[in-house]
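Okay, here's what each chain looks like letter by letter:
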Amino acid sequence: MAAHSEGGPRGPGVRIGPVDLAARVDEALAVQAVAFGLGPEEVEVRRHIVLRHLDHPEARALGATTAAGRLVGFAYGMPNERGQWWSTVVEPYLRDTGRAHWLDDAFVVTELHVLPGFQNLGIGRALITTLTDAVGHPRSILSAIDTDSPARGLYRSLGYQDLARQVLFPSAAQPYAVMGAPLPLRRRPRDG
C-alpha cells in the first residue's frame, strides 16, 4: 500500500506491506522502545517473546517502511489459542464480564507500534486494517493500556469495544483494557 493511496497512510513515501519481522526484530523493538518507553532490559525480554510468537504457523507481520527502507511502524498478530499466555491472563477478566467467548475464533493483534514522528498520519490504521483484512476469523481482540489515549481512540474508531478493563498483567506497571471488534474492521468513508 503506497502512502498516497486512497485510505492509506499520509506519510511521505511510507509503504505498508509484509515484513520478515524475525529478521528485523531489533529494528521493530527499537520502534516499540521509543513508542512505548521501554528500557534495554524490557526490550531484551520482548525480543524473545516476539521471536517465539513469530514461530506460530499463522502469525502475520506487517511493516511500515520509508522509501529508504527504514522501519517506522509494525504490527503483528496470530489466531488466539486458549493455552497461550496472554489468553490465560485475560480469560478470567473476560469471564467476569460475560465475554470469554471473544477468545474463541479470534485473531489477536499482538503488537502495533508507530514511531512518534510518524503517528497521526494513518499508518497505524493502515497497519491494523491490512493485518486483520487477511485473516479468516470473525473477530479481533487486543489489549491496550487502560487510559484515554490516541491508540484507544484509534481502536474505538475501528469498532473495537472494551470487553474488560483494569486487566493486570504480571510485571506490567499499568492496567490494560481488553478490546474486541468484529471483522472486517469499521472503515471511515474514504477507506472504502
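Residues numbered from 1 in each chain as written. Predicted model: local features only at pLDDT ≥ 70, side-chain atom pairs only at ≥ 80, totals over all residues. Heavy atoms only, no water.

(A) Representation of the overall build of the protein within the structure. When you go through the protein residue by residue, the secondary structure sums to five helices and seven strands. Ordered by position from the N terminus, the helices and strands of the protein form the series β-α-α-β-β-α-β-α-β-α-β-β. For a compact globule of 192 residues, the expected C-alpha radius of gyration is about 16 Å, and the protein comes in at 16 Å, within 12% of that figure. Along the first, second and third principal axes, the C-alpha atoms of the protein reach 45 × 40 × 35 Å. Per-residue burial for the protein yields a buried fraction of 49% across its 192 residues. One finds the centroid of the 20 positive side-chain charges in the protein at a distance of 7 Å from the centroid of its 20 negative side-chain charges. (Helix = DSSP H or I, 4+ residues; strand = E, 2+ residues; numbered from the N terminus. Rg over C-alpha atoms; globule rule 2.2 N^0.38 Å. Buried < 20%, exposed > 50% of the residue type's maximum accessible area, 1.4 Å probe, protein only. Lys, Arg positive; Asp, Glu negative; His and termini not counted. Charge placed at Lys NZ, Arg CZ, Asp CG, Glu CD.)

(B) Fine view of the environment of Glu27. Structurally, the position occupied by Glu27 is in helix H1 (residues 25-36). Between the C-alpha atom of Glu27 and that of Gly73, which follows or precedes it by 46 residues, the distance is 9.5 Å. Those residues in contact with Glu27 that sit more than four places away from it in its chain are Gly69 and Leu71. Within the local environment of Glu27, its side chain forms a polar contact with the side chain of Arg24, the two groups lying 2.8 Å apart. (Contact = heavy atoms within 4.5 Å. Polar contact = N/O pair within 3.5 Å; in protein donor to acceptor, adjacent residues only side chain to side chain.)

(C) Highlighting the sheet that holds strand E4 (residues 106-114). Taken together, seven strands build an open sheet; the order of strands is E1-E2-E3-E4-E5-E7-E6 and the sheet is mixed. Strands at the two margins of the open sheet, each flanked by one partner only, are strand E1 (15-18) and strand E6 (161-167). If you compare each strand with its neighbour and ignore which way they point, the axes differ by 20° on average. Where E6 lies against strand E7 (residues 176-182), four bridges are found, and the strand directions are antiparallel. Bridge pairing links Gln161 to Gly180 in E7. (Pairing = 2+ DSSP bridges. Axes fitted to C-alpha atoms, helices over the stretch in contact; angles between N-to-C directions.)

(D) Expanded view of the confidence of the model for the protein. When pLDDT is averaged along the protein, the result is 92; 92% of the residues meet or exceed 70. Taken together, the stretch residues 1-7 has pLDDT below 50 and engages in 23 contacts with residues farther than four places along the chain or on a different chain. (pLDDT = per-residue confidence, 0-100.)

(E) Broad picture of the pairing of strand E5 (residues 139-145). Burial of E5 is extensive: five of the seven residues sit out of reach of the surface. Direction of pairing for E4 relative to E5: parallel, over a ladder of three bridges. Following the sheet pairing, Val108 is matched in E5 by Ile141. For the segment spanning E4, helix H4 (residues 123-133) and E5, crossover handedness is right-handed. Alignment of E5 against E7, held across seven bridges, turns out to be antiparallel. In the sheet register, Ile145 faces E7, and the bridge partner there is Tyr176. (Right-handed = clockwise from strand over helix to strand, strands pointing away.)

(F) The arrangement of the environment of Arg156 in detail. As for its position among the elements, Arg156 is in helix H5 (residues 150-157). Sequence separation between Arg156 and Val109 is 47 residues, and the spatial gap between their C-alpha atoms is 14 Å. Discounting residues that sit within four places of it in the chain, Arg156 has contacts with Asp148, Asp162, Met179 and Arg186.

(G) The arrangement of the packing of aromatic side chains in detail. Here the structure, examined in full by the defined rule, presents three aromatic pairs. For the ring pair Trp85 and Phe169, a centre distance of 5.7 Å and an interplane angle of 35° mean the geometry is tilted. Here Phe169 lies in the loop between E6 and E7 and Trp85 lies in helix H3 (residues 85-96), a separation of 84 residues in the sequence. On the accessibility criterion, Phe169 (10% relative accessible area) is buried. (Phe/Tyr/Trp six-rings, centres within 6.5 Å; stacked < 30°, edge-to-face > 60°.)

(H) Highlighting the nonpolar core. If you look at the biggest cluster of nonpolar residues, it comprises 42 residues, and the most contacted ones within it are Leu127, Ile128, Tyr155 and Tyr160. Beyond its immediate stretch of four places on either side in the chain, Tyr160 contacts Val109, Ile128, Thr132, Ser140, Ile141, Leu142, Tyr155, Met179, Gly180, Ala181 and Leu185. Of all hydrophobic cores here, the second largest spans 16 residues; its members include Val90, Leu94, Val108 and Val167. (Core = buried A, V, L, I, M, F, W, Y, C linked by side-chain atoms within 4.5 Å.)

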